[in-house]
Amino acid sequence: AFDVAAAGTALWLGAPALLALAAAVKLDSPGPALYRQTRVGKDGVPFECLKFRSMSVDAEREGPRWARSFDSRVTRVGGMLRRTSLDELPQLFNVLVGEMSLVGPRPERPVFVARFRKQYPDYDLRHTMRPGLSGWAQVNGLRGNVSIADRTVYDVWYVRNFSLWVDAQILVRTLSAVIAGE
């Protein structure tokens, strides 16, 4: 209930900012403002994760690959969106419909999940709960192009130690980081 109420309120209050960000994406490069990407959710069920498009339309013409620092596929506006995590805001719609939560392990793409579950024995524990907009790994500095082994350790710790208190800490730290532009 908290997820739905918070996501609905954020979408309602943030609508003008979301529209401005969508317009900036459209004006910066050709293609749609929103990007849909299949991710793996709770119980391994795939869903379409929404994001503001931060890369050129043909970014994965050679197949899925992990984004790198200073990736040439990232647009000017996309770089700003990624640095500030504003590219993730459309995922509030995913939260609203119950595919995601505000807090939980970040969802990955099926191609990477298949690889990681072979490499890391506890990896699938992440899929015992809904994925989140933010998570324990992210607020502890494990965002973007970082070690999946380290991120998995933090995600598994979160799954095993889930509580409203931990979620509250993650939400406060996430909001602080977004406001600070980290």
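Report on the accompanying structure.

**Quick look at helix 1 (residues 2–28)**
At 3.6 residues per turn, the α-helix brings residues three or four places apart onto the same side. Within helix 1, the axis deviates most sharply at Gly-14, by approximately 65°, and proline Pro-16 lies no more than four positions further along. For helix 1, the set of buried residues is Asp-3, Ala-7, Leu-11, Gly-14, Leu-18, Leu-21, Ala-22, Val-25 and Asp-28. Buried residues along helix 1 sit against strand 2 (46–52), helix 2 (76–84), helix 3 (91–96) and strand 3 (101–103).

**Some remarks on the packing of aromatic side chains**
How two aromatic rings sit relative to each other is given by the distance of their centres and the angle of their planes. The full count for this structure, using the stated rule, is five aromatic pairs. Both rings, one in Phe-116 and one in Tyr-123, keep their centres 5.6 Å apart while their planes meet at 65°; by these two values the pair is edge-to-face. Residue Phe-116 is classed as buried on the basis of its relative accessible area, which comes to 5%. On the basis of relative accessibility, which here comes to 2%, the residue Tyr-123 falls in the buried class. Ring geometry for Trp-136 and Trp-157: centres 4.8 Å apart, planes at 25°, overall stacked. Of this pair, Trp-136 sits in helix 5 (residues 136–139) while Trp-157 sits in helix 6 (residues 148–161), and the two are 21 residues apart along the sequence. You can call Trp-136 buried: its relative accessible area is 14%. Judged by its relative accessible area of 35%, Trp-157 falls in the partly exposed class. By way of ring pairs, the aromatic residues Phe-112, Phe-116, Tyr-120 and Tyr-123 are connected into one cluster.

**Comments concerning the side chain of Asp-28**
Along the chain, the position of Asp-28 falls in helix 1. A distance of 3.0 Å separates the side chain of Asp-28 from the backbone nitrogen of Val-77, its partner in a polar contact. Not counting the four nearest positions on each side in its chain, Asp-28 is found in contact with Thr-75, Arg-76, Val-77 and Gly-78.

**Focus: the nonpolar core**
Val-25, Phe-52, Leu-81, Trp-136, Tyr-158 and Ile-170 are the most contacted members of the largest nonpolar core, which totals 24 residues. Secondary-structure elements contributing two or more residues to this core are helix 1, strand 2, helix 2, helix 3, strand 3, helix 5, helix 6 and helix 7 (164–180). Ranked by residues supplied to this core, first place goes to helix 1 with six residues. Excluding residues that lie within four positions of it along the chain, Trp-136 makes contacts with Tyr-154, Trp-157, Tyr-158, Val-166, Ile-170 and Arg-173.

Each value, and the rule that gives it
Residues numbered from 1 in each chain as written. Predicted model: local features only at pLDDT ≥ 70, side-chain atom pairs only at ≥ 80, totals over all residues. Heavy atoms only, no water. Bend = angle between axes of the 7 residues up to and from the residue. Helix = DSSP H or I, 4+ residues; strand = E, 2+ residues; numbered from the N terminus. Buried < 20%, exposed > 50% of the residue type's maximum accessible area, 1.4 Å probe, protein only. Contact = heavy atoms within 4.5 Å. Phe/Tyr/Trp six-rings, centres within 6.5 Å; stacked < 30°, edge-to-face > 60°. Polar contact = N/O pair within 3.5 Å; in protein donor to acceptor, adjacent residues only side chain to side chain. Core = buried A, V, L, I, M, F, W, Y, C linked by side-chain atoms within 4.5 Å.

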